[in-house]
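# Structural overview
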Amino acid sequence: MRVLVVNCGSSSLKYQLFETDTEESLASGLIERIGQNGGHAVVHHRPQGRAEMHYDMEIPDHTVAAEEMTRVLCEGDGKVLDSLDEIGAIGHRVVHGGEDFATSVLIDDAVIECIQRNSSLAPLHNPPNLDGIRACMNVMPNKPNVAVFDTAFHQTMPRRAYLYAIPRSFYRELGVRRYGFHGTSHFYVATRAAEMLTDMGRDGANARIVTCHLGNGCSMAAVKAGKCIDTTMGLTPLEGCVMGTRSGDIDPAIIPFLAQARGLSFGEIDAILNKESGLLGLSGVSNDMRDIQVAVREGNTDAEEAFQVFCYRVRKYVGAYAAAMGGLDAIVFTAGIGENDARVRSYVLEDLQFLGVHVDSDANNNGRGDRLLTTPDSRCVAFVIGTKEELVIARQTEAICSGA
Ligand code: ADP
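Residues numbered from 1 in each chain as written. Predicted model: local features only at pLDDT ≥ 70, side-chain atom pairs only at ≥ 80, totals over all residues. Heavy atoms only, no water.

Scanning the chain for helices and strands turns up 15 helices and 14 strands. For 404 residues, the compact-globule formula gives about 22 Å, and the C-alpha radius of gyration of the chain, at 22 Å, lands near that figure. The dimensions of the chain, computed from C-alpha atoms along their principal axes, are 60 × 60 × 50 Å. Every one of the 404 residues in the chain was classed for burial, and the buried ones make up 51%. Pairs at least 24 residues apart make up 61% of the contacts formed inside the chain by residues separated by at least 6 positions. Looking at the chain as shown, the accessible area adds up to about 18300 Å², and 49% of this sits on carbon and sulfur atoms. In the chain, 37 positive and 52 negative side-chain charges are present, and the distance between their average locations comes to 5 Å. (Helix = DSSP H or I, 4+ residues; strand = E, 2+ residues; numbered from the N terminus. Rg over C-alpha atoms; globule rule 2.2 N^0.38 Å. Buried < 20%, exposed > 50% of the residue type's maximum accessible area, 1.4 Å probe, protein only. Contact = heavy atoms within 4.5 Å. Areas by Shrake-Rupley, 256 points an atom, 1.4 Å probe, with all protein chains shown as cover. Lys, Arg positive; Asp, Glu negative; His and termini not counted. Charge placed at Lys NZ, Arg CZ, Asp CG, Glu CD.)

Structure follows, in structure tokens:
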């Protein structure tokens, strides 16, 4: 089946077309700067095996963006389909499913209403996700649409892991609890790691795995026998790891302290913690780990400290999750930093010999692609696994639409 995977942000629409029988990607693209006042949107279209296309055009909203996506897939130099009839289904990334969705689901009116209801938990994400769903329904009527939620994989967490120790009424009445995000990525790499462990002659099915998704946003998950039992992000993606511009864990009392000391509003503090903190806030250099590493090589001590705080937080959670699972069989690194930055991986794994992790420096520093990073005598292994969130969305969409 040909499945179109769509991921909409407030001003962007990302897409990828898969042939699920072969798991081949036929084309991918990004339409950015949608609805920019007086400006033009930019379309990037990448047909498999052919030249990329980049062009500007006026795109006022997501429906026009979806029209352009379908046009470029079916017409002109980047054409990969003879007609839209070839698309069997559309899979949508939806950020917040709240407690309503523990799996992917065929979208109908009730599902749309539920996603809308959960918008209070993800006001920046669910509304544009819904815009994308409605746009595809307008432009490609009568096709099945499936929602794949970032939160779904984490719904197996036990109550002791997701309840915050604040008055219960906030959970009961407002849904304040840990939800976790990047679930599709954690699910994919944990599943791959289990397969790789089995291939090594170990017990992949029952393995205790910590997955580290380290990209612009960073989160970790404790996965035991294929089920998520804890994760670092919380009610929102602000909790947990240090990220590009997000603080991750802080003492919550810092918020009223700053409000008083600096006369800042809650909105201003929220913006500081989400957009001016993390690697950027600590280094004063950049939110991008590549820039941090350049600055480190140039002797910038703030950048080195930002790097160390980032890695130390990850290492600390590895230890916490090993305790939560009663031991550890594998650590997985994925996403932009996790897949590419050997220095981050090496620093995180440095003092984990007590867990039986022994790093193979050559594999860590010079290897490519999905691979083992540890020596054969390691009781607990480490892997790099490239995440494939879009492929998971395509697979789950196909499974739901073919009734599998
Ligand atoms: P997103 O969360 O937006 O999908 P990515 O997974 O692409 O983000 O990760 C972006 C992060 O990955 C940035 O901090 C970037 O610096 C980092 N990154 C990408 N390539 C490299 C690399 N070769 N070495 C170190 N960091 C990298």
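Taken as a whole, the second largest pocket spans an internal volume of roughly 610 Å³. The wall of the second largest pocket is formed by 18 residues, among which Tyr164, Leu238, Glu239, Pro252 and Ile255 lie closest to the centre. Top element by residues in the lining of the second largest pocket is helix 8 (residues 266-275). It accounts for four residues. Broken down by class, the residue content of the lining of the second largest pocket amounts to 11 nonpolar, four polar and three charged. (1 Å grid on protein atoms, 1.4 Å probe; cavity = no way out; pocket = protein on both sides within 12 Å on 5 of 7 lines; lining within 4 Å. Points joined across faces, edges and corners; volume = space filled by probe spheres on them. Nonpolar A, V, L, I, M, F, W, Y, C, P; charged D, E, K, R; others polar.)

A side chain of one charge can pair with a side chain of the opposite charge when the charged atoms of the two come close. If you walk through the whole model with that rule in mind, you get 17 salt bridges. Here Arg395 ties to Glu23 by a salt bridge, and the two come within 2.7 Å at their closest N and O atoms. You can see Arg395 sitting in helix 15 (residues 389-401) and its partner Glu23 sitting in the loop between strand 2 (12-19) and strand 3 (24-32), a full 372 residues away along the chain. Judged by its relative accessible area of 34%, Glu23 falls in the partly exposed class. Glu195 is the salt-bridge partner of Arg192, the closest N and O atoms lying 3.0 Å from each other. (Salt bridge = Lys/Arg side-chain N within 4 Å of Asp/Glu carboxyl O.)

Before going further, it helps to spend a moment on the sheet that holds strand 4 (residues 41-47). Strands sit in the order 5-4-3-2-1-6-8-7 across an open sheet of eight strands; the sheet is mixed. With one partner strand each, in any of the chains shown, strand 5 (53-57) and strand 7 (105-106) form the two edges of the open sheet. (Pairing = 2+ DSSP bridges.)

Below, the discussion takes up the packing of helix 6 (residues 183-199) against helix 15. When two helices pack together, their arrangement is given by the angle between their axes and by how far apart the axes lie. Here helix 6 crosses helix 15 at 90 degrees, and the two axes come no closer than 9 Å. Relative to helix 15, helix 6 is oriented roughly perpendicular. Contacts from Thr184, Ser185, Phe187 and Tyr188 in helix 6 reach Glu389, Val392, Ile393, Arg395 and Gln396 in helix 15. Its residues placed into classes, the contact of helix 6 with helix 15 shows four nonpolar, three polar and two charged. (Axes fitted to C-alpha atoms, helices over the stretch in contact; angles between N-to-C directions. Parallel < 35°, antiparallel > 145°, perpendicular 65-115°, else oblique.)

What follows is about the side chain of Thr184. Structurally, Thr184 can be placed in helix 6. For Thr184, a relative accessible area of 6% corresponds to the buried category. Each residue touching Thr184, except ones within four places of it in the same chain, is listed here: Val148, Phe149, Asp150, Glu389, Val392 and Ile393.

The immediate surroundings of the ligand are formed by Gly215, Asn216, Gly217, Asp288, Met289, Arg290, Ala335, Gly336, Ile337, Asn340 and Asp341. Ile337 places a main-chain nitrogen or oxygen 3.3 Å from an oxygen atom of the ligand. Within the side chain of Asn340, one N or O atom sits 3.4 Å away from a nitrogen atom of the ligand. Contact with the protein chains hides 67% of the accessible area of the ligand, taken as 570 Å² for the molecule alone. When contributions to the shell around the ligand are tallied by element, the ones reaching two or more residues are helix 10 (289-297) and helix 12 (335-340). Counting residues per element, the shell around the ligand draws most heavily on helix 12, at four residues. A per-class count over the shell around the ligand returns three nonpolar, five polar and three charged. (Near = heavy atom within 4 Å. Polar contact = N/O pair within 3.5 Å; in protein donor to acceptor, adjacent residues only side chain to side chain.)

Below, the discussion takes up the packing of helix 2 (residues 109-117) against helix 3 (residues 126-139). As a packed pair, helix 2 and helix 3 sit with axes 9 Å apart at the nearest point and diverge in direction by 155 degrees. Of the possible angle classes, the one that applies to helix 2 and helix 3 is roughly antiparallel. In the packing of helix 2 onto helix 3, the handedness of the crossing is left-handed. In this structure, helix 2 uses Ile112, Ile115 and Gln116 to contact helix 3, whose residues at the interface are Asn126, Leu130, Ile133, Arg134 and Met137. (Left-handed = near helix turned anticlockwise from the far one by under 90°.)

All chains considered together, the criterion is met by five aromatic pairs. For the pair Phe153 and Phe187, a centre-to-centre distance of 5.8 Å together with 65 degrees between the ring planes defines the contact as edge-to-face. Highlighted residues: Phe153 in the loop between strand 8 (145-149) and helix 4 (159-162) and Phe187 in helix 6, separated in sequence by 34 residues. Residue classification places Phe187 among the partly exposed residues on the basis of a relative accessible area of 31%. In this structure, Arg177 is placed above the aromatic ring of Tyr179, and the distance from its NZ or CZ to the ring centre is 4.7 Å. (Phe/Tyr/Trp six-rings, centres within 6.5 Å; stacked < 30°, edge-to-face > 60°. Lys NZ or Arg CZ within 6 Å of the ring centre and 35° of its normal.)

Structurally, Thr20 can be placed in the loop between strand 2 and strand 3. For Thr20, the side chain forms a polar contact with the main-chain oxygen of Met1, separated by 2.8 Å. Excluding its chain neighbours within four sequence positions, the residues that come into contact with Thr20 are Met1, Val3, Ala394 and Glu398.

This paragraph deals with the environment of Glu173. Looking at the element boundaries, Glu173 is found in helix 5 (residues 168-174). We classify Glu173 as exposed; its relative accessible area is 64%.

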